[in-house]
Amino acid sequence: MNHPALTNDLAATLESGGVALGLLDNTYSPTLVEFYGELDLDFVWIDLEHGGPDPWDANLMEDLLRAAERTDLELLVRLPDTDPTLVRKALDLGARNVFLPRVETATEVREAVKSARFRYDGSPGDRGLGSPRARRWGLADDYIATEDRETIVGVTIETEASVENLDAILDVPELGFVFIGPLDLSVSLGCPGEIDHPDVQEAVETIRSNAVDAGVPVGGLGFGMDDVNEKATSGYQMLNLGSTTGALQQTVTDWFDAYESDRPVSE
């Protein structure tokens, strides 16, 4: 029985210079992940740093991955730590797109990327070779070459130290992308929540421009569609449009605003 290798559409979009649009599912629902695929989103962001299941909960992660695979959708999994063991675990479950929070040095980024590769930068990689779900339990064709080709590991640039070490981080071989985190940057720069603060804006622009110059894809948050459209024309290749709960809040609020009769409002 042949099990042809699956391709990574998100990686292909980034490689071709295209723009991928996605959404944060902060309900961690396989049903919604599958539905978002039917709506033709390019990716769904599963954030294991600020919420969600334990990263070691294989059953729920596999359900989310199956839902994405059902509709040819890519999961973008942010891990809760930079530990290479977490990278290997997520990839063995079948994730192809992972990124790390709060990185600060090129050394930790290189270790994480290396942990996702069987061969890395002309030398042996640090990914374990077993027969997990990612390998279809030993049935997948050309597993080693496919995984090295189709797997991407990115990082979030969201601390002052990571901005200071940005050039070295961008120089890490096979770095998949950088995701700009203005909210945590605002905390690190001493102005929590003030994403329009000049220091935050300067840091964001430094990350964007340096990454574009280095040929590393840039991802980020869209704060409304005007912002999304502007970022899509300024070098961003991966844009998060919003969240499940944010979309629901806006929709329900619009319904209530359009309702013409009186209704009690809870205090």
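Here is a short report on the structure shown in this document. (Residues numbered from 1 in each chain as written. Predicted model: local features only at pLDDT ≥ 70, side-chain atom pairs only at ≥ 80, totals over all residues. Heavy atoms only, no water.)

Quick notes on the packing of helix α2 (residues 30-38) against helix α3 (residues 58-70)
Stage number 1. Viewed as axis vectors pointing N to C, α2 and α3 meet at an angle of 20°, and their least axial separation amounts to 8 Å. In terms of orientation, α2 and α3 fall into the roughly parallel class. Handedness of the α2/α3 crossing: right-handed. Counted together, Pro 30, Val 33, Glu 34 and Glu 38 of α2 and Leu 60, Asp 63, Leu 64, Ala 67, Ala 68 and Arg 70 of α3 form the full contact between these two elements. (Axes fitted to C-alpha atoms, helices over the stretch in contact; angles between N-to-C directions. Helix = DSSP H or I, 4+ residues; strand = E, 2+ residues; numbered from the N terminus. Parallel < 35°, antiparallel > 145°, perpendicular 65-115°, else oblique. Left-handed = near helix turned anticlockwise from the far one by under 90°. Contact = heavy atoms within 4.5 Å.)

A look at α3
Stage number 1. The terminal C-alpha atoms of α3 lie 18 Å apart, and with 13 residues this matches the ideal 18 Å at 1.5 Å per residue to within 8%.
Stage number 2. Those residues of α3 not exposed but buried are Ala 58, Met 61, Glu 62, Leu 64, Leu 65, Ala 67 and Ala 68.
Stage number 3. Buried residues in α3 make contact with α2, β2 (43-47), β3 (74-78) and α4 (84-93).
Stage number 4. Asp 72 occupies a position one or two residues after α3 and carries a positive phi of about 55°. (Expected span 1.5 Å × (residues − 1). Buried < 20%, exposed > 50% of the residue type's maximum accessible area, 1.4 Å probe, protein only.)

Side note on the pairing of strand β9 (residues 218-221)
Stage number 1. Because side chains alternate across β9, one face comprises the buried residues Val 218 and Gly 220, and the other comprises Gly 219 and Leu 221, equally buried.
Stage number 2. Where strand β8 (residues 177-180) meets β9, two bridges bridge the pair, whose relative direction is parallel. Note that in β9 the partner of Val 178 across the bridge is Val 218.
Stage number 3. As paired strands, β9 and strand β10 (residues 236-243) are joined by four bridges and run parallel to one another. Bridging across to β10, Leu 221 finds its partner in Asn 240.
Stage number 4. Handedness of the crossover joining β9 and β10 through helix α11 (residues 225-232) is recorded here as right-handed. (Pairing = 2+ DSSP bridges. Right-handed = clockwise from strand over helix to strand, strands pointing away.)

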